[in-house]
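A closer look at the structure
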Amino acid sequence: MIKDIKTALLLFLVLAVMTGLIYPLAMTGIGQVVFPHQANGSLIRQRGHVVGSSLIGQYFREPQYFWSRPSATSPVPYNGAGSGASNLGPNNPVLARHVAARIKTLKAADPAEKGPVPVDLVTSSASGLDPDISIAAALYQVPRIAQAGGIDIVTLRHLVQQNTTEPLLGFIGEPVVNVVKLDLALHDRYAAAHEATVSPTKEPPS
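Residues numbered from 1 in each chain as written. Predicted model: local features only at pLDDT ≥ 70, side-chain atom pairs only at ≥ 80, totals over all residues. Heavy atoms only, no water.

**Some points on the pairing of strand β2 (residues 49-53)**
As judged from the four bridges shared by strand β1 (residues 43-46) and β2, these two strands associate in the antiparallel manner. By the bridge assignment, Ile 44 is partnered in β2 with Gly 52. In sequence, β1 turns back onto β2 through a hairpin of two residues, with Arg 47 there showing a positive phi of about 50°. (Pairing = 2+ DSSP bridges. Helix = DSSP H or I, 4+ residues; strand = E, 2+ residues; numbered from the N terminus.)

Structural data, given as structure tokens:
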């Protein structure tokens, strides 16, 4: 009896050390060496400061920027500590009202756009944190941004293409556009244009 208890305790301690200490440390070390960017949250840094993560969306509503898909997290959109969906079924009238209100907002922001609104611009994802939208959702917003931000449509389409992730292995999933990265690239365009406008013209050397 005593021998069995000792064996059980020894086995428990060995397994506890292996699964609770050695394995987590080994996986953490391998992650830091092989995939350091992903292991540290896929953080996006600009000029030495963390400005977001490529895995978590951000709330954009200025007309000169691309808008992310809606987020149902509480108490604020894209709350990383409160991931979750609205849990509203397709036959729920509350969901229908939410979708109708979002369509109305998009149409009001760009009355000239008469095409159908891509579904991912009016429905939230299961996590509420999805940073990606479809290519159709990104291109739908290009005319509004071109007018509000003063950037030509060709440049905006090129930015969309630069921030598009193709399907895994070329056929798993759909191509998506990361709105966080896209809007940061767009912000840099605006900043560069503003700097060029306010910078004094230098006299050529005599």
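**Here's the deal with helix α5 (residues 153-162)**
Of all the positions in α5, only Thr 155, Leu 156, Leu 159 and Val 160 are classed as buried. Along α5, the residues classed as buried sweep out an arc of 145° about the axis, all on the same side. Facing away from the buried side of α5 by over 90 degrees, the exposed positions are Val 154 and Gln 161. Taken together, the buried residues of α5 touch α4 (135-149), β4 (164-165), β5 (176-178) and α6 (179-198). (Buried < 20%, exposed > 50% of the residue type's maximum accessible area, 1.4 Å probe, protein only. Arc of directions from axis to C-beta. Contact = heavy atoms within 4.5 Å.)

**As for empty space enclosed by the protein**
A complete count under the given rule lists one cavity of 30 Å³ or more for this structure. For the largest cavity, the calculated volume is near 30 Å³. If you trace the largest cavity, you find it lined by Leu 106, Ala 109, Asp 110, Tyr 140, Gln 141 and Arg 144. At the level of secondary structure, the elements contributing two or more residues to the lining of the largest cavity comprise α3 (93-109) and α4. (1 Å grid on protein atoms, 1.4 Å probe; cavity = no way out; pocket = protein on both sides within 12 Å on 5 of 7 lines; lining within 4 Å. Points joined across faces, edges and corners; volume = space filled by probe spheres on them.)

These figures capture arrangement, not role.
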